[in-house]
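Coordinates in review
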Amino acid sequence: MILTQILEDSKANRAFVIEQLVAGSCVVLPTETVYGLAANAYNNRSIATIYNLKGRPHFNPLIVHASSWKSVAEMIIVTPEIEALAHAFWPGPMTIVANKKNKDDFALASAGLDTIAVRIPQHPLFQEILHNIAFPLAAPSANPSNYLSATNAHDVALGFSQPTLMKTDQETLYILNGGACAYGLESTIIDTTHPAGLCILREGPITAAALMQKGFSLIAPRQTEGIKAPGQLSRHYAPQFPLFIQRAYPREDQAWLAFGAQTHNHSNVTLNLSESGSLEEAASNLFTYLHQLNIAYLNPQRQFASVAVQSIPEEGIGMAILDRLSRASTPEFPLGKDSL
Ligand code: TXA
Ligand code: MG
């Protein structure tokens, strides 16, 4: 367990956070997708602290966040396709996996792979911090491994208040409060290393349709290659409550996570991801509501035995919402071999 402290956004606190990063500490920063647990991507000791704080297996690589295209171009072997992707979607909620320029760089952050995941984030606070330091920031989502991602400072603090995490040298984890994350889902991860085309490794705010509309050709992930993004395991975002998705209505003993027009009013506990049926609004509320339901479930006087989620349309960012929900959900069939 580590002490957490939320820092309200101010000039002094931004300067303090920069000092912490320069000294090699990890800090939590807001991004437009989810909060990130950030540290100097070149400092192996800081990166080791990230892995320990999250309880993350060392084979699961991190995303490196850069301030500019110039900085990205120093890290990876640039292709015309990568340049076009960058032009179309950066800064923003897109991560690309590309071949490293120098295979020895980012040994720990990239878990020893020859490829590296990079992104130029859009959030003004994250951008400002990056522009005031001389190194890129490795930043996984700011949550213990295999737990819900956090889209506000309070949920980050709550996630790290669990006593099960590994011991680290760092005593306090500072969280810079940037309010709620605009997208609320992690970035889309695109593998650019296949000659045949781009491959989406993780669905996210940049949809397949948006990529195709800009003229990019996509290939389906190939099962035989094994798991390229370990976050893609079939059960990854485990909340403590049983979760059932794509439902028409809840059972009597279920909390109801609705979407769009209410089809059912009888549940004791009801939250609506978006009353107007906006998938973007639903995405931005998803993790916050799952955190709220988790707290309610852990209360000894809880009013429900499990959670049912109303059907989410399989279109646009709905695909990414369903991806997260299905990996947070309770399997109704025997788990496949990839479910650890
Ligand atoms: O929106 C986001 O992407 C957030 C914010 C903080 O930027 N970050 C985030 O990081 O979601 P994380 O560590 O929770 O998820 C990164 C995913 C993991 O599933 C990891 O396996 C995959 O990216 N990944 C990282 N490097 C990779 C690589 N070289 N090849 C394939 N997958 C990689
Ligand atoms: Mg994550």
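One can find the structure itself at the top, above this paragraph.
Residues numbered from 1 in each chain as written. Chains lettered and ligands numbered in written order. Predicted model: local features only at pLDDT ≥ 70, side-chain atom pairs only at ≥ 80, totals over all residues. Heavy atoms only, no water.

**Details of the overall build of the chain**
We count it as follows: Counting from the N terminus, the helices are the DSSP runs of H or I reaching at least four residues and the strands are the DSSP runs of E reaching at least two. Throughout, the radius of gyration refers to the C-alpha atoms, and the reference size of a globule is 2.2 Å times the residue count to the power 0.38. Classification of residues uses two cut-offs on accessible area relative to the type maximum, computed with a 1.4 Å probe and protein chains only: under 20% is buried, over 50% is exposed, and between them is partly exposed. Here the accessible surface of atoms and residues is derived via Shrake-Rupley with a 1.4 Å probe, and residues count as covered only by protein chains that are part of the display. Positive charges come from Lys and Arg alone, negative charges from Asp and Glu alone, with His and the N- and C-terminal ends not counted. Charge positions come from single atoms, namely NZ of Lys, CZ of Arg, CG of Asp or CD of Glu.
Each helix and strand counted, the chain has 9 helices and 15 strands in total. Expected size for 340 residues packed as a compact globule is a radius of gyration near 20 Å; at 20 Å, the chain falls within 12% of this value. Scored against the burial criterion, the 340 residues of the chain give a buried share of 56%. A total accessible area of about 15,200 Å² is found for the chain, and carbon and sulfur atoms account for 53% of it. The chain carries 22 positive and 28 negative side-chain charges, and their two centres are separated by 5 Å.

**As for the pairing of strand β13 (residues 254-258)**
Formally: Pairing between strands requires that DSSP locate at least two bridges from one strand to the other.
Burial analysis of β13 places 5 of its 5 residues in the buried class, the great majority of the element. Side chains Gln254, Trp256 and Ala258 project from β13 onto one buried face, and the interleaved Ala255 and Leu257 project onto a second face that is buried too. Across 4 bridges, β13 lies against strand β15 (residues 306-310) in parallel orientation. Pairing of Ala255 across the sheet is with Val307, part of β15. In terms of strand pairing, β13 meets strand β14 (residues 270-272) through 3 bridges, oriented parallel.

**Notes on the sheet that holds strand β1 (residues 3-7)**
Strands pair in a sheet through their backbones, by hydrogen bonds, and they do so in one of two ways: parallel or antiparallel. For clarity, the threshold we go by: Pairs of residues are marked as contacts when any of their non-hydrogen atoms sit within 4.5 Å. A fitted line through C-alpha atoms represents every axis, and for helices the fit uses only the stretch in contact; the resulting angles, taken between N-to-C directions, go from 0 to 180 degrees.
Ordered in space as β1-β8-β2-β3-β7-β4-β6-β5-β9-β10-β11, the 11 strands form an open sheet in which the pairing is mixed. Where the open sheet ends on each side, the last strands, each with one partner, are β1 and β11 (218-219). Relative to strand β6 (residues 115-119), strand β4 (residues 63-65) is paired through 3 bridges, and the arrangement is parallel. Residue pairing in the sheet places His65 in a bridge with Arg119 of β6. Packed on one face of the sheet, helix α2 (residues 44-54) meets β3 (36-40), β7 (137-138) and β8 (172-176) and runs near 155° to β3.

**Some words on the pattern of salt bridges**
The condition is simple: One speaks of a salt bridge when a side-chain nitrogen belonging to Lys or Arg is within 4 Å of a carboxyl oxygen belonging to Asp or Glu.
Taken as a whole and judged by the stated rule, the model has 9 salt bridges. A salt bridge links Arg14 to Glu128; its shortest N-O distance comes to 2.3 Å. One end of the pair, Arg14, is in helix α1 (residues 11-22); the other, Glu128, is in helix α5 (residues 124-131), with 114 residues separating them in the sequence. A salt bridge links Arg119 to Glu32; its shortest N-O distance comes to 2.8 Å. Here the residue Arg119 occupies a position in strand β6, and Glu32 occupies one in the loop between β2 (27-29) and β3, the gap between them amounting to 87 residues.

**Section: the nonpolar core**
Put simply, the rule reads: For the purposes of this section, nonpolar cores are sets of buried Ala, Val, Leu, Ile, Met, Phe, Trp, Tyr and Cys residues that join through side-chain atoms within 4.5 Å.
If you look at the biggest cluster of nonpolar residues, it comprises 46 residues, and the most contacted ones within it are Leu37, Ile76, Leu85, Ile96 and Val118. Residues contacting Ile96, with those up to four places away along its chain left out, are Ile76, Ile82, Leu85, Trp90, Ile116, Ala117, Val118, Ile190 and Thr192. In this structure, Tyr237, Val269, Tyr297 and Ile317 belong to the second largest nonpolar core, which totals 32 residues.

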